[in-house]
Amino acid sequence: MELTHEERFNNALNIDQTTKSANNKSLNCAEYQKITSRLLELQEGQKKTLHDFALVKKYELVDYGTGHFLKRRGTDKRVAFIEELFGISQSAYTSTVHGGRDVMYKHLSRQFYNISASQILTFVNLCMECQLKRSRIRKSFVVKPILSKEMNSRCQVDRKSVV
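Residues numbered from 1 in each chain as written. Predicted model: local features only at pLDDT ≥ 70, side-chain atom pairs only at ≥ 80, totals over all residues. Heavy atoms only, no water.

1. Focus on the overall build of the protein
Broken down by element type, the protein carries seven helices and two strands. Element order for the protein, N to C, with α for helix and β for strand: α-α-α-β-β-α-α-α-α. Burial analysis of the protein (163 residues in total) assigns 28% to the buried set. Contacts spanning at least 24 positions in sequence make up 52% of the contacts within the protein whose residues lie at least 6 apart. Surface summary for the protein: the accessible area is close to 12,500 Å², and the carbon and sulfur share equals 55%. (Helix = DSSP H or I, 4+ residues; strand = E, 2+ residues; numbered from the N terminus. Buried < 20%, exposed > 50% of the residue type's maximum accessible area, 1.4 Å probe, protein only. Contact = heavy atoms within 4.5 Å. Areas by Shrake-Rupley, 256 points an atom, 1.4 Å probe, with all protein chains shown as cover.)

2. Some thoughts on the nonpolar core
Judged by nonpolar contacts, the single largest core of 19 residues is most densely connected at Phe-9, Tyr-93, Met-104, Leu-108 and Ile-115. It is helix H4 (residues 85-95) that contributes the most residues to this core, five residues altogether. Sequence-distant contacts of Leu-108, defined by excluding residues within four places in its chain, comprise Ile-88, Ala-92, Ile-115 and Ile-120. Judged by nonpolar contacts, the second largest core, of 13 residues, contains Tyr-32, Leu-39, Leu-70 and Phe-81. (Core = buried A, V, L, I, M, F, W, Y, C linked by side-chain atoms within 4.5 Å.)

3. Details of the pattern of salt bridges
In this structure the tally under the stated criterion is six salt bridges. The residue Asp-76 makes a salt bridge to Lys-71 at a minimum N-O spacing of 3.9 Å. By relative accessible area, which is 16% here, Lys-71 ends up buried. The residue Arg-101 makes a salt bridge to Asp-102 at a minimum N-O spacing of 3.0 Å. Relative accessible area serves as the criterion here: at 51%, Asp-102 is assigned to the exposed category. Taken together, the shared-partner salt bridges connect Arg-38, Glu-41 and Asp-52 into one network. (Salt bridge = Lys/Arg side-chain N within 4 Å of Asp/Glu carboxyl O.)

4. Focus: the packing of helix H2 (residues 29-43) against helix H3 (residues 50-58)
Their axes nearest at 11 Å, the elements H2 and H3 cross at an angle of 100 degrees. In terms of orientation, H2 lies roughly perpendicular with respect to H3. Along its contact with H2, which presents Ile-35, Arg-38, Leu-39 and Leu-42, the element H3 presents Asp-52, Leu-55 and Val-56. Of the residues in the contact of H2 with H3, the class split is five nonpolar, no polar and two charged. (Axes fitted to C-alpha atoms, helices over the stretch in contact; angles between N-to-C directions. Parallel < 35°, antiparallel > 145°, perpendicular 65-115°, else oblique. Nonpolar A, V, L, I, M, F, W, Y, C, P; charged D, E, K, R; others polar.)

5. A word on the pairing of strand E1 (residues 59-63)
Inspection of the sheet shows E1 paired to strand E2 (residues 68-72) by five bridges, in the antiparallel sense. Bridge pairing in E2 links Tyr-59 to Arg-72. Between the antiparallel neighbours E1 and E2 lie four residues, among them Gly-65 with a positive phi of about 105 degrees. (Pairing = 2+ DSSP bridges.)

6. A short note on unusual backbone geometry
Positive phi outside glycine occurs at Val-97, with the angle close to 55 degrees. In this structure, Val-97 sits in the loop between H4 and helix H5 (101-109). In the Ramachandran plot, His-98 falls in the positive-phi region, its phi being about 55 degrees despite a non-glycine side chain. Structurally, His-98 can be placed in the loop between H4 and H5.

7. Section: the packing of aromatic side chains
As enumerated under the stated definition, the model contains six aromatic pairs in all. Between the aromatic rings of Tyr-93 and Phe-123, the centroid separation amounts to 5.2 Å while the plane-to-plane angle is 85 degrees, which identifies the pairing as edge-to-face. Taken together, the residues span a long stretch of sequence, with Tyr-93 in helix H4 and Phe-123 in helix H6 (residues 117-125) at a distance of 30 residues. Using a relative accessible area of 2% as the deciding quantity, one classes Tyr-93 as buried. Overall, Phe-123 belongs to the buried group, its relative accessible area being 0%. Linked through ring pairs, Phe-9, Phe-86, Tyr-93 and Phe-123 together constitute an aromatic cluster. The ring centre of Phe-69 lies 5.5 Å from the NZ or CZ of Arg-78, which sits over that ring. (Phe/Tyr/Trp six-rings, centres within 6.5 Å; stacked < 30°, edge-to-face > 60°. Lys NZ or Arg CZ within 6 Å of the ring centre and 35° of its normal.)

Laid out in structure tokens, this is it:
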């Protein structure tokens, strides 16, 4: 059974996450929910711990009616979690008309805080439509050697006219 684009992307991201250091900016859904719930508790007036001061300094909680989402404090950039990264990448990829890594990164970095270029490159490399475009065989010219019996019997000279 062949994996879908989303399954291949998530598998590649999981492999990538295991090789990254602990201080990367990517959050999974559980970490995202934990930070969101802790920030809600702090807004209600709970006592802050040392770790909470760092959370409040880094993130801001925005209420959009039916729920909340995290935003990087001091910017308008949203924080995305890994499980929603495929949908975000898919919509950006179609809106940039298969723009590639740099175009997508520029598009997404305006809206999101924690989407890296390596995650975007993973998505672009797994796109089947782009793989078909890249897989064309390019024809190259063939260099034919000059065959002669005597050495330097044939040569080619460029003429230069002097005025």
